[in-house]
Amino acid sequence: TYIQDYVDPNWTSFITTPPFPGYVSGHSGFSGASATLLGYMFPQEKATLRAMAAEAALSRLYGGIHIRADNEVGLTMGRRIGALACARAMSDDIEDLIGRRVLERGQGNALIAKLTAVVAHVNRKNIAGAIRELQSFIGEVSAVINAQEGQPLVEAARDIISQFGS
């Protein structure tokens, strides 16, 4: 609309662009969150899912709907939201370990408390506190669970740290 209003009233774009200012791309956000949570649930597909989310974000640029910054911020935001959802989902995995008697109830409750604290830190916008809590979680998982059972939790916690740190 700027070009039509101030440069050439007869100008038309080859691509229809929305008549609104830049905002974070919703598609990028949804894609980033979905890829992160699905990557937690299907770790063997994590790289493929992340690539698909990045491609979905890029499509918003190619479609003329968002500028690159809108898409990059949306993708980062979505990945962080997905990481928070993963932290909540890890509690269910710990409950499963308790049910299978890999963990005692007290050990499991201590790990769940750390994940609950991660969420609380994020809700208070204290990302550094959430990362410290996840690092403590990793140490405790390594101390109380054998490597084979604990490795998926450790990898998930490290991935969450990486998403919060980006």
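The paragraphs below set out a description of the structure included in this document. (Residues numbered from 1 in each chain as written. Predicted model: local features only at pLDDT ≥ 70, side-chain atom pairs only at ≥ 80, totals over all residues. Heavy atoms only, no water.)

1. Things to note about the overall build of the protein chain
When helices and strands are counted, the protein chain shows seven helices and zero strands. When the helices and strands of the protein chain are placed in sequence order, the string is α-α-α-α-α-α-α. Its C-alpha radius of gyration of 21 Å places the protein chain more than 25% over the 15 Å reference for a compact globule of 166 residues. Each principal axis of the C-alpha distribution contributes one length, and for the protein chain these read about 75 × 30 × 20 Å. Within the span of the protein chain, comprising 166 residues, buried residues form 36% of the whole. Across the protein chain, the fraction of contacts at a sequence separation of at least 24, relative to all contacts at a separation of at least 6, is 64%. (Helix = DSSP H or I, 4+ residues; strand = E, 2+ residues; numbered from the N terminus. Rg over C-alpha atoms; globule rule 2.2 N^0.38 Å. Buried < 20%, exposed > 50% of the residue type's maximum accessible area, 1.4 Å probe, protein only. Contact = heavy atoms within 4.5 Å.)

2. Concerning the pattern of salt bridges
When their charged atoms lie close together, side chains carrying opposite charge are able to pair. According to the stated counting rule, one finds seven salt bridges in the structure shown. Residue R105 is joined to E95 by a salt bridge in which the shortest nitrogen-to-oxygen separation is 3.1 Å. With R105 in helix α5 (residues 105–123) and E95 in helix α4 (residues 68–99), this residue pair connects regions lying ten residues apart in the sequence. With a relative accessible area of 35%, E95 lands in the partly exposed category. Taking the shortest distance from any N to any O, the salt bridge between R100 and E149 comes out at 3.0 Å. With R100 in the loop between α4 and α5 and E149 in helix α7 (residues 147–165), this pair connects stretches of sequence that are 49 residues apart. Since its relative accessible area comes to 43%, R100 is described here as partly exposed. Salt bridges linked by common partners bring K46, R50 and D159 together as one network. (Salt bridge = Lys/Arg side-chain N within 4 Å of Asp/Glu carboxyl O.)

3. Looking at a nonpolar patch on the surface
A cluster of nonpolar side chains, namely Y2, I3, Y6, V7 and W11, defines an oily patch on the protein surface of about 580 Å² accessible area. In this fold, V7 is placed in the loop between α1 (2–6) and α2 (26–41). In this structure V7 comes out as exposed when scored by relative accessible area, which is 60%. (Patch = residues over 30% accessible without salt bridge, like charges linked within 9 Å, V, L, I, M, F, W, Y side chains within 5 Å. Areas by Shrake-Rupley, 256 points an atom, 1.4 Å probe, with all protein chains shown as cover.)

4. Things to note about the environment of A85
Considering the arrangement of structural elements, one finds A85 in helix α4. Residues A85 and T36, spaced 49 residues apart in sequence, show a C-alpha to C-alpha distance of 8.8 Å.

5. As for the packing of α2 against α4
At a minimum axis separation of 6 Å, α2 and α4 run at an interaxial angle of 30 degrees. Between α2 and α4, the crossing angle belongs to the class labelled roughly parallel. Two packed elements cross with a definite hand, and for α2 against α4 that hand is right-handed. (Axes fitted to C-alpha atoms, helices over the stretch in contact; angles between N-to-C directions. Parallel < 35°, antiparallel > 145°, perpendicular 65-115°, else oblique. Left-handed = near helix turned anticlockwise from the far one by under 90°.)

Function cannot be inferred from these measures alone, as they are strictly geometric.
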